[in-house]
Amino acid sequence: MRHELIQPGLLGALLWLLAAPVLAQVSASVDKNPILQGETFTLTLHLAGAGGAEPDLSPLRQDFRILNQSQSSQIQVINGQTTRRTSWQILLAPRRLGELTIPAIAVGQERSSPIPIRVRPPDPQAGELPEVFIEFTAEKARVHLREQLILTTRLYLRGELVSGNLTEPQADNAVIETLGDQRESQSLRGNQRYRVIERRHALFPESSGTLTINGPVFSGELADRSQRQALFGFGTPTRSVYAAGKTLSINVDPAPPGQGRWLPASAVEFSESLSPANGPWRVGEPLTRTITVRVRGQLHTQLPALGELAPPGVQSYAEPPEENTTADQSGVIAVRTLRRAIIPAPARLLGLFRSQGWPIVHTREAHRPDLSDCPPSKIRRGNPSAIRRSSP
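Residues numbered from 1 in each chain as written. Predicted model: local features only at pLDDT ≥ 70, side-chain atom pairs only at ≥ 80, totals over all residues. Heavy atoms only, no water.

1. Here's the deal with the overall build of the protein
Each helix and strand in the protein was counted, giving 1 helix and 25 strands. When each of the 392 residues of the protein is scored for burial, the buried share is 36%. For the protein, the share of sequence-separated contacts (at least 6 apart) that also reach a separation of at least 24 residues comes to 67%. Looking at the protein as shown, the accessible area adds up to about 22800 Å², and 49% of this sits on carbon and sulfur atoms. (Helix = DSSP H or I, 4+ residues; strand = E, 2+ residues; numbered from the N terminus. Buried < 20%, exposed > 50% of the residue type's maximum accessible area, 1.4 Å probe, protein only. Contact = heavy atoms within 4.5 Å. Areas by Shrake-Rupley, 256 points an atom, 1.4 Å probe, with all protein chains shown as cover.)

2. Observations concerning the pattern of salt bridges
Per the counting criterion, the structure on display carries 14 salt bridges. Of the charged contacts in the structure, one is a salt bridge between Arg183 and Glu198, with a shortest N-O distance of 2.9 Å. Taken as a pair, Arg183 in strand S15 (residues 183-189) and Glu198 in strand S16 (residues 192-205) lie far apart in primary sequence, 15 residues in all. A network of salt bridges, in which partner residues are shared, links Arg154, Arg183 and Glu198. (Salt bridge = Lys/Arg side-chain N within 4 Å of Asp/Glu carboxyl O.)

3. Section: the packing of aromatic side chains
Under the definition given, this model contains 4 aromatic pairs. Plain terms: the ring middles of Phe41 and Phe64 are 5.8 Å apart, the flat faces sit at 75° to each other, and that makes the pair edge-to-face. With Phe41 in strand S3 (residues 41-48) and Phe64 in strand S4 (residues 64-78), this pair connects stretches of sequence that are 23 residues apart. By the burial criterion, Phe41 is buried, and Phe64 matches it. With 4.5 Å between their ring centres and 5° between their planes, Phe133 and Tyr156 make a pair best called stacked. Of the two residues, Phe133 is situated in strand S10 (residues 132-138) and Tyr156 in strand S12 (residues 149-157); the sequence distance between them amounts to 23 residues. (Phe/Tyr/Trp six-rings, centres within 6.5 Å; stacked < 30°, edge-to-face > 60°.)

4. Details of the sheet that holds strand S19 (residues 238-244)
With antiparallel pairing, 3 strands are arranged side by side in an open sheet as S13-S18-S19. Of all the strands in the sheet, the pair left with one neighbour each is strand S13 (161-166) and S19. Between one strand axis and the next, the sheet turns through 15° on average, direction left out of account. With 7 bridges connecting them, strand S18 (residues 217-223) and S19 associate as antiparallel partners. Looking across to S19, one finds that Glu221 is bridged to Ser240. (Pairing = 2+ DSSP bridges. Axes fitted to C-alpha atoms, helices over the stretch in contact; angles between N-to-C directions.)

5. So, the sheet that holds strand S6 (residues 98-102)
A sheet is described by the order of its strands in space; here 3 strands give the open sequence S2-S9-S6, paired in mixed fashion. Each edge of the open sheet carries a strand with a single partner, namely strand S2 (35-36) and S6. Where S2 meets strand S9 (residues 115-120), 2 bridges bridge the pair, whose relative direction is parallel. Following the sheet pairing, Ile35 is matched in S9 by Val119.

6. Concerning the environment of Phe204
As for its placement among the helices and strands, Phe204 is situated in strand S16. A C-alpha to C-alpha distance of 5.2 Å links Phe204 and Gln148, two positions 56 residues apart in sequence. Not counting residues within four places of it along the chain, the set of residues in contact with Phe204 comprises Arg146, Glu147, Gln148, Ala174, Val175, Gly297, Gln298, Leu299 and Val332.

7. Some remarks on unusual backbone geometry
Going from Asn33 to Pro34, the amide bond is cis rather than trans, its omega being 10°. Checked against the element boundaries, Pro34 lands in the loop between strand S1 (25-30) and S2. Residues Ser275 and Pro276 are joined by a peptide bond in cis, for which omega reads 0°. Mapped onto the elements of the fold, Pro276 is located in the loop between strand S21 (267-275) and strand S22 (287-296).

8. Focus: the nonpolar core
Of all hydrophobic cores here, the largest spans 21 residues; its most connected members are Val132, Leu155, Ile213 and Phe218. Elements supplying a minimum of two residues to this core: S10, S12, S16, strand S17 (209-213), S18, S19 and strand S20 (248-253). Counting residues per element, this core draws most heavily on S12, which supplies 4 residues. Sequence-distant contacts of Leu155, defined by excluding residues within four places in its chain, comprise Val132, Phe133, Ile134, Leu166, Arg195, Val196, Ile197 and Phe218. Listed in part, the 19 residues of the second largest apolar core include Leu43, Leu45, Leu57 and Val107. (Core = buried A, V, L, I, M, F, W, Y, C linked by side-chain atoms within 4.5 Å.)

9. A few points about the side chain of His201
Here His201 lies in strand S16. If near-sequence neighbours (up to four positions away) are discounted, His201 is found in contact with Leu149, Ile150, Leu151, Glu168, Pro169, Ile176, Glu177, Thr178 and Leu179.

10. Some points on the confidence of the model for the protein
Per-residue confidence for the protein averages 77 on the pLDDT scale, and 75% of its residues sit at or above 70. Per-element averaging of pLDDT across the protein places helix H1 (residues 8-19) at the bottom with 43 and S17 at the top with 96. Throughout residues 10-22 the model reports pLDDT below 50, and contacts reaching past four residues in sequence, or to other chains, amount to 2 contacts. Throughout residues 347-392 the model reports pLDDT below 50, and contacts reaching past four residues in sequence, or to other chains, amount to 99 contacts. (pLDDT = per-residue confidence, 0-100.)

11. Structural notes on the environment of Arg199
Along the chain, the position of Arg199 falls in strand S16. Exposure remark for Arg199: the relative accessible area of 22% places this residue in the partly exposed category. Taking the C-alpha atoms as reference points, Arg199 and Leu155, 44 residues apart in sequence, are found 8.6 Å from one another. Leaving out residues up to four positions away in the same chain, Arg199 has contacts with Leu151, Thr152, Thr153, Leu166, Thr167, Glu168 and Gln182.

12. As for the environment of Ala202
With respect to the helices, strands and loops of the structure, Ala202 is situated in strand S16. The class for Ala202 is buried, based on a relative accessible area of 0%. Beyond its immediate sequence surroundings of up to four residues, Ala202 is in contact with Gln148, Leu149, Ile150, Val175, Ile176, Glu177, Leu179 and Val332.

Structure below.
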């Protein structure tokens with residue numbers, strides 16, 4: 001009987017191969033390509049073999065927004081051999097048009113292959129209309145420092161909205177205020193009918209130069225009737241949608257030199273009252289003087305201080321000012337109300353009261369009326385460029 005001996009080195013190598021785990025392999029695929037502007041797509045990563053590692057998605061963020069991700073695992077045992085498979089689904093939105101690349105994604109020691117992606121604008125003539133898109137505009141491209149700029153956001157939706165979130169515009173060195181409630185309407189684009197959600201904001205730049213405004217972003221879920229009903233018939237199958245408004249660049253001019261206290265406004269109104277209104281006014285008995293200022297196109301925090309409401313040498317007591325900002329679809333309105341209790345003295349006549357005003361600048365017409373010596377009750381209302389003094 002013949003026996004063949006196996007060399008010790010060969011036996012060790014064979015045992016190492018049998019004991020070594022199967023090397024992991026990573027593959028990547030996308031569910032659509034090319035992609036229309038405003039569309040999202042799903043990147044799927046498959047890991048076959050030993051698991052435990054997570055994909056490094058940071059290289060994606062340069063050209064894509066990561067909206068959502070999920071993970072699933074599958075284990076099979078066939079003829080005593082165990083096979084493990086892990087998948088990741090990553091919902092992505094391109095940041096720009098053109099030829100992009102999904103870079104190689106590392107999962108542990110393994111890497112997927114890059115995937116070229118083409119992003120192009122939709123062709124309405126060919127019926128290529130996105131389900132969701134945003135129109136984001138500014139009323140003008142150049143403003144003065146702290147001048148009101150109206151921003152308009154219109155979100156267009158096609159389909160049954162299940163849930164969603166629309167963010168606000170963002171800008172550094174600026175104050176942004178919401179104008180009223182959002183409005184809804186219907187619009188026909190091509191042969192498709194859209195639900196339109198409109199929001200308006202007032203922006204006030206706090207520094208001169210180029211102001212960058214990041215557009216609002218929408219992410220949500222639309223009902224997907226193409227999918228099967230959820231388990232036990234409860235719930236509605238959905239698919240994720242995403243849209244982003246474009247980034248705006250606005251030129252902000254500094255305040256013109258020699259204007260004194262700078263107050264860019266589209267309209268200014270003064271009103272004055274005395275209580276009791278018609279007298280009789282007696283020495284030693286207090287009366288109340290009330291002055292209200294309404295400035296369209298400004299916040300109340302931007303209003304400069306008024307002067308004294310009583311002549312020198314008259315005993316008086318000021319109440320805390322009442323200030324607030326209201327808003328409608330055309331912009332903001334700053335309101336300041338000042339009250340002062342005055343005790344008349346024999347040497348002062350009430351008819352000589354004067355308010356110490358401030359220069360009001362109407363930026364569109366570059367007029368600067370001087371209100372420093374004008375009785376508030378005789379200032380005519382309306383456009384500040386048309387304000388004039390009337391004879392006593």
